[in-house]
Each structure stands twice: as structure tokens, then as C-alpha cells.
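As a plain string of letters, each chain reads:
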Amino acid sequence: MARRLRKVGTNSGNDGCPTLYEIPGTDRYVVQGGRLTDAEERAQLDNPTDDEDAVTVPRELLANFGPKEPVHVPQLISFEEFGGMFAKVKHSAWRLETRRRYASDETTDTYAQFIAEGRVDWDLTDPWCTNRREQSEQGKRFERVRIVDEPPTQGQLYLLDNAGRNTAVGEDIRVLRRSQADALDLPAEDFWVFDSRVVALLHHDSDDNLTEVELLTNPVEVLRYAQVREAAWHHAVPHDQVRL
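As a starting point, this report considers the structure included with it.

Rules and cut-offs
- Residues numbered from 1 in each chain as written.
- Predicted model: local features only at pLDDT ≥ 70, side-chain atom pairs only at ≥ 80, totals over all residues.
- Heavy atoms only, no water.
- Helix = DSSP H or I, 4+ residues; strand = E, 2+ residues; numbered from the N terminus.
- Rg over C-alpha atoms; globule rule 2.2 N^0.38 Å.
- Buried < 20%, exposed > 50% of the residue type's maximum accessible area, 1.4 Å probe, protein only.
- Areas by Shrake-Rupley, 256 points an atom, 1.4 Å probe, with all protein chains shown as cover.
- Lys, Arg positive; Asp, Glu negative; His and termini not counted.
- Charge placed at Lys NZ, Arg CZ, Asp CG, Glu CD.
- Salt bridge = Lys/Arg side-chain N within 4 Å of Asp/Glu carboxyl O.
- Arc of directions from axis to C-beta.
- Contact = heavy atoms within 4.5 Å.
- Pairing = 2+ DSSP bridges.
- Axes fitted to C-alpha atoms, helices over the stretch in contact; angles between N-to-C directions.
- Core = buried A, V, L, I, M, F, W, Y, C linked by side-chain atoms within 4.5 Å.
- Patch = residues over 30% accessible without salt bridge, like charges linked within 9 Å, V, L, I, M, F, W, Y side chains within 5 Å.
- Expected span 1.5 Å × (residues − 1).
- Polar contact = N/O pair within 3.5 Å; in protein donor to acceptor, adjacent residues only side chain to side chain.

What to know about the overall build of the protein
When you go through the protein residue by residue, the secondary structure sums to 8 helices and 13 strands. For 244 residues, the compact-globule estimate of 2.2 N^0.38 gives 18 Å, and the C-alpha radius of gyration of the protein, at 23 Å, exceeds that figure by more than 25%. The principal-axis extents of the C-alpha atoms in the protein amount to approximately 75 × 40 × 35 Å. A burial count over the protein gives 38% of its 244 residues as buried. When the accessible area of the protein is evaluated, it comes to approximately 15100 Å², of which 49% is carbon and sulfur surface. One way to put it: in the protein the 30 positive side-chain charges average out to a point 3 Å from where the 44 negative ones average out.

Okay, here's the thing in C-alpha cells:
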């Protein structure tokens, strides 16, 4: 059944374009405007699909008739979609790791070996390592700052051992003490910054399980996390220089 549209406003006089419509009972809008048909201009769009289109409208149409009050609706993505973001990185991916443990680590054979032997025989040919190495060889940067307690937890010691694997396939891993992170007023959040354009917040529950991934694309919010990145990266030290 076709949805009923309600005209919100138009700058076009009587010819019907451009016009903004709302879909009553939803938070969705429809924009009517001239199609973007120039091939070079369409090539600049972010990953358009066959069922998507792009239209051009004057700024005053949205300013005059668009909703005025900001509404924050978390943009959640699936774990599969989150994993796919790493294949689409153009320049850089940067992560802050703040937790004292990650439940997913403790289910692995490598964690069991670390608990038993205090070290891990990392497989540098597994799919994750192969992919990260190939992307790093293309000039893409993968960087992390891992916050450690004093003394480090078992989970943090495991990740310090893991840093050798990450470095071997092209990542740059640095470490920041918890006391320094607190002094810098860094947020107690885990997140990735992709190409300085989008942030993926990693939400965990009280048992340290990853539960949701939330995307932030508002430039003001992205800038705030980019500033956290700059402060953490400046004060952190390479993982192999850490003295525990």
C-alpha cells in the first residue's frame, strides 16, 4: 500500500519542484528536486546503490521547511556492517581501548595459552592478519592507543602481548597509563575513528561483552573524538617501550 505524502513546503511556485514532503506518522521526509545526473558528480557520492538516487535542492528549501529542532536518534549498525567498514577505509582507522577486560578475548585459544604460559604463538597468516597487512601495504594507517592500569589487569597484559602481532602486520600500537588518561580527561569509551569522518562507538555491557556499535557522523561530534585521538596519541608511548 502506497504511503501518503503531505507537502511541507516548496520554493518552486507552481511547477512542483523542488518540494519537501513528510510521511505522516513517521520521521521520514521526501525531497523532490532535479536529479543529479552528471557522471563525475555522481562518482563523488559515498557508495551509492542501484536503488538510491540523488537530487539537488536550494538551501532555503531545507532551511525554511525542514524540522528545526535537533533530534538525536542513535544510528546503530550490525556487527557485520561494522566489520565491513574496515574494507572501506581510505586513509586511516584509529582506536581507543579503555576497558580492563574484553569478554570476547577470554573465549579464544590464544588467551588460554597466555594464561598458561604467559605468552602466545600468534598466527600471522590468519585472515585478519593477511587483510591488515595488505591494507597497510597500500599506505593505510591503523593505529590504537590502549589504556593500562597500574598494575595492568590480566586482560591488558594479554593485549600488550597481542600488540606484537598487530605491529607485525602494520598497525602502530601505543599505550597510555590510566592515571594519564584521567589527567587528560579522556572519555571512558571505546571507539574507532575512520578517515576522520565517522566515529564508531563500541558499547559494552557490565560483563564486558560488546553489545552495540553506534555511528556518529555529525562533524561536531566527530571533531570531539578526533581531539581525543590527538591528545591520547601525543601522550601515549610505543607498546614496546612500556615499563610495567
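Remarks on unusual backbone geometry
Note that the residue after Glu150, namely Pro151, is joined by a cis bond; omega there is 5 degrees. A positive phi angle, near 60 degrees, is found at Asp185, a position not held by glycine. Exposure remark for Asp185: the relative accessible area of 67% places this residue in the exposed category. For Ser196, which is not glycine, the phi dihedral falls at a positive 55 degrees.

Some thoughts on the pattern of salt bridges
Considering all chains together, one arrives at 23 salt bridges under this definition. Arg28 is the partner of Asp27 in a salt bridge, and the nearest nitrogen-oxygen pair spans 3.8 Å. Comparing Asp27 with Arg28 shows no difference in burial state: the two are exposed. Among the ionic contacts, a cluster of salt bridges with common partners joins Arg95, Glu97, Arg132, Arg144, Arg146, Glu171 and Asp190.

Quick notes on helix H4 (residues 109–117)
Taken together, the buried positions of H4 are occupied by Tyr111, Gln113 and Phe114. With its buried residues spanning 160 degrees around the axis, H4 presents them on a single face. Away from its buried face by more than 90 degrees, H4 exposes Asp109 and Ala116. Packing partners of the buried residues in H4 comprise helix H6 (154–168).

Examining the sheet that holds strand E3 (residues 29–32)
As summarised here, the arrangement of the 3 strands in space is E1-E2-E3, forming an open sheet in which the pairing is antiparallel. Of all strands in the sheet, those bounded by a partner on one side alone are strand E1 (6–10) and E3. The mean inter-strand angle of the sheet, taken between neighbouring strand axes irrespective of direction, is 25 degrees. Judged from the 4 bridges that link them, E1 and strand E2 (residues 19–22) form a sheet pairing that is antiparallel. Residue pairing across strands places Arg6 opposite Glu22, the latter belonging to E2.

Some thoughts on the nonpolar core
In this structure, Trp94, Leu96, Val145, Leu176, Phe191, Val199 and Tyr225 are the most contacted members of the largest nonpolar core, which totals 18 residues. Among the secondary structure elements, those contributing two or more residues to this core are strand E7 (92–97), strand E8 (141–148), strand E10 (190–194), strand E11 (198–204) and helix H8 (219–235). The element best represented in this core is H8, accounting for 5 residues. Beyond its immediate chain neighbours, meaning those up to four positions away, Leu176 contacts Val145, Arg146, Ile147, Val148, Ala181, Leu184, Leu186, Ala232, His235 and Ala236. Judged by nonpolar contacts, the second largest core, of 14 residues, contains Met85, Val89, Phe142 and Ala200.

Considerations on the side chain of Asp208
As for its placement among the helices and strands, Asp208 is situated in the loop between E11 and strand E12 (210–216). Not counting residues within four places of it along the chain, the set of residues in contact with Asp208 comprises Arg99, Arg101, Tyr102 and Ala103.

A word on a nonpolar patch on the surface
Residues Val31, Val55 and Leu62 make up a contiguous nonpolar surface patch of about 200 Å² in total accessible area. Counting through the fold element by element, Leu62 comes out in helix H2 (residues 59–65).

So, the environment of Pro58
Looking at where Pro58 falls in the secondary structure, it is placed in the loop between strand E5 (55–56) and H2. C-alpha separation for the pair Pro58 and Leu216, spaced 158 residues apart in sequence, amounts to 26 Å. Those residues within four positions of Pro58 in sequence are excluded, and the remaining contacts are Asn11 and Pro18.

Observations regarding H8
With 17 residues, H8 should reach 24 Å at 1.5 Å per residue; the first-to-last C-alpha distance of 25 Å fits that figure. Of all the positions in H8, only Val222, Tyr225, Ala226, Val228, Arg229, Ala232 and Trp233 are classed as buried. Along H8, the residues classed as buried sweep out an arc of 155 degrees about the axis, all on the same side. Those residues of H8 that are exposed and aimed more than 90 degrees away from the buried face are Val220 and His234. Looking at the buried residues of H8, the elements they touch are E7, E8, strand E9 (172–177), E10, E11 and E12. Measuring from the side-chain oxygen of the N-cap residue of H8 to the backbone nitrogen of Val220 gives 2.8 Å; that N-cap residue is Asn218.

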